[in-house]
Amino acid sequence: MTSLLHLDASARPGRSGIDPHGSHSRRLSARFVEQWQKARPGDRILYRDLGQHPPHPVSGEWIHAAFTKPEAREPWMHDVLAESDALVDELLEADLIVAGVPMYNFGVPAGFKAYIDNIVRVGRTFGFDRSRQGLPYWPMLTDMHKRLVVLGSRGDYGYAPGERMAQANHVEPHIRTVFGYLGIEDVHGIAVEYDEFGGEHLQVSLDQAERRIGALVESLATPQKTSRNIVAPSHD
Ligand SMILES: Cc1cc2nc3c(=O)[nH]c(=O)nc-3n(C[C@H](O)[C@H](O)[C@H](O)COP(=O)(O)O)c2cc1C
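Conventions and cut-offs
The numbers attached to residues start from 1 for each chain and follow its sequence in the written order. The predicted origin of the model limits local features to residues at a pLDDT of at least 70 and limits the giving and counting of side-chain atom pairs to 80 or more, whereas totals for whole chains, interfaces and linings rest on all residues. With hydrogens and water set aside, each side-chain value is computed from the structure's full complement of heavy atoms. Note on terminology: near, applied to a residue and a molecule or strand, indicates that one of the residue's heavy atoms is within 4 Å of it. The definition of a polar contact used here is a pair of N or O atoms within 3.5 Å, where within protein one atom must be able to donate a hydrogen and the other to accept one, and adjacent residues in sequence count solely through side-chain atom pairs. All accessible areas in this document rest on Shrake-Rupley with a 1.4 Å probe, and a residue is counted as covered only by the protein chains that are shown. Points on a 1 Å grid over protein atoms alone make up a cavity when a 1.4 Å probe fits among them but cannot get out, and a pocket when they form an open set with protein on both sides within 12 Å along at least five of seven lines; lining residues each have an atom within 4 Å of a point. Assignment to a cavity or pocket requires that more than half of a molecule's atoms be within 2 Å of the site's grid points. Three classes are used, and their members are as follows: Ala, Val, Leu, Ile, Met, Phe, Trp, Tyr, Cys and Pro are nonpolar, Asp, Glu, Lys and Arg are charged, and the others, Gly among them, are polar. Starting at the N terminus, helices and strands are each numbered in turn, a helix being any DSSP run of H or I of at least four residues and a strand any DSSP run of E of at least two. Given a helix with a known number of residues, its expected span is that number minus one, times 1.5 Å. Whether a residue is buried, partly exposed or exposed follows from its accessible area with a 1.4 Å probe, protein chains only, as a fraction of its type maximum: under 20%, in between, or over 50%, in that order. Pairs of residues are marked as contacts when any of their non-hydrogen atoms sit within 4.5 Å. What makes two strands pair is DSSP finding at least two bridges between them. Look down the strands so they point away from you; if going from the first strand over the helix to the second traces a clockwise path, that crossover is right-handed.

**Brief notes about the site of the ligand**
Moving on, step 1. Taken together, 17 residues surround the ligand, and among them Ser10, Ser23, Ser25, Ser153 and Asp195 come closest.
Moving on, step 2. Measuring from an oxygen atom of the ligand, one finds a backbone N or O atom of His24 at 2.8 Å.
Moving on, step 3. For the ligand, whose accessible area on its own is 630 Å², the fraction buried by protein is 79%.
Moving on, step 4. Under a 2 Å grid-point criterion requiring more than half of the atoms, the pocket assigned to the ligand is the second largest pocket.
Moving on, step 5. Each residue belonging to the shell around the ligand can be placed in one class, and the counts come to 5 nonpolar, 7 polar and 5 charged.

Dropping the structure here:
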C-alpha cells in the first residue's frame with residue numbers, strides 16, 4: 001500500500017472548472033488524486049490544505065528549540081515544535097507527495113514556504129554535524145523511495161527550462177532544491193500557464209496538463225515502472 005500525502009497551497013479555496021474563481025493547482029492536484037484512487041483504491045490518502053490552514057512561520061523560539069538536542073529540550077520547546085513534528089511525521093509516512101503549488105511573485109505561496117521551513121528539520125529530515133568530514137550536513141530521507149509530484153499554475157507563460165521566463169521561475173527549482181536537500185530526488189512537475197490571459201491559451205494549457213496527469217498517474221501507479229522526470233510546463 002502506498003501512502004499519498006496530498007497538499008494544496010493556493011489561497012483560492014475552490015477548484016477551477018467547478019467553482020467561480022477557483023484554483024487551477026487545486027484542480028490539477030484533485031484530478032491526480034482522483035485518478036490515483038481509481039488506479040489504486042487501497043492506498044492511503046492524507047490531505048493537508050496549506051492555503052486555507054498555513055503552518056505557523058518559524059520563530060526565534062522555534063529555531064532555538066529545533067537546534068537544541070532532543071534530550072536537552074525543555075517542555076516549552078516540545079510545544080513549540082509540535083506542529084513541525086506533526087508535519088514531519090506525515091512526510092515520513094508518505095511514499096508519494098502530490099502538491100498543488102501556484103506561483104506567487106515568482107516563488108511559492110507563503111503557506112507553502114512555511115510548510116517547507118517546518119519540514120526541513122535537523123535530526124529528523126536532514127543531519128548536521130560541524131565536526132563531520134566533508135560537508136557538515138546530509139539528507140536523511142535518501143533511499144526511502146519517496147516521490148514528489150508538483151502541480152503548478154502561473155498567470156504568465158514560458159517558465160519551463162529554456163523558455164522566456166525560465167530564469168524567473170523560483171517555484172519548481174526551489175522545491176526541487178529543498179526536497180533534494182532532504183533526499184527526495186524523484187520529482188515530477190506539470191503546470192498550467194496563461195491564467196492571466198484566459199481564453200483559448202488557458203484552455204489548451206489546462207487540457208495538456210490534464211492529459212499529462214493521466215499519463216503520469218499511469219506511469220507512477222504501475223509498480224514496475226519508475227520514471228525520473230523533470231519539471232516542465234503543460235504546453236511543450
Ligand atoms: C499574489 C499573487 C502573485 C502572483 N504572481 C505571479 C507571478 O509572479 N507570475 C505569474 O506568472 N503569475 C502570478 N500570479 C498568477 C497566479 O500564478 C495564477 O493566477 C495561478 O493560476 C494561481 O494559482 P491557482 O489557480 O492555483 O490559485 C500571481 C497571483 C497572485 C494571487
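That covers the picture; the talk isn't over yet.
**Quick word on helix H1 (residues 24-39)**
Moving on, step 1. Spanning 16 residues, H1 covers 23 Å between terminal C-alpha atoms, matching the ideal 22 Å at 1.5 Å per step.
Moving on, step 2. The set of residues buried in H1 consists of His24, Ser25, Arg26, Arg27, Leu28, Ser29, Ala30, Phe32, Val33 and Trp36.
Moving on, step 3. Structurally, H1 contributes buried residues whose contacts are with strand E1 (3-8), strand E2 (44-49), strand E3 (96-102), strand E6 (147-153), strand E7 (186-192) and helix H6 (199-221).

**Side note on the side chain of Ser16**
Moving on, step 1. Mapped onto the elements, Ser16 comes out in the loop between E1 and H1.
Moving on, step 2. Within the structure, Ser16 has its side chain in polar contact with the side chain of His24 (distance 2.8 Å).
Moving on, step 3. The contact partners of Ser16, leaving out residues within four places of it in the chain, are Gly22, Ser23, His24 and Arg27.

**Some remarks on the pairing of E2**
Moving on, step 1. Pairing of E1 with E2, which is carried by 6 bridges, proceeds in the parallel orientation. Within E2, the position partnered with Leu7 by the bridge is Arg48.
Moving on, step 2. Following the backbone out of E1, through H1 and into the adjacent parallel E2, one traces a crossover that is right-handed.

**Some words on the environment of Arg40**
Moving on, step 1. By secondary structure assignment, the location of Arg40 is in the loop between H1 and E2.
Moving on, step 2. Measuring from C-alpha to C-alpha, the distance between Arg40 and Ala221 comes to 7.1 Å, with 181 residues separating the pair along the chain.
Moving on, step 3. For Arg40, the residues in contact, after removing those within four places along its chain, are Thr2, Ala221 and Pro223.
Moving on, step 4. There is a polar contact of 3.4 Å between the side chain of Arg40 and the backbone oxygen of Ala221.

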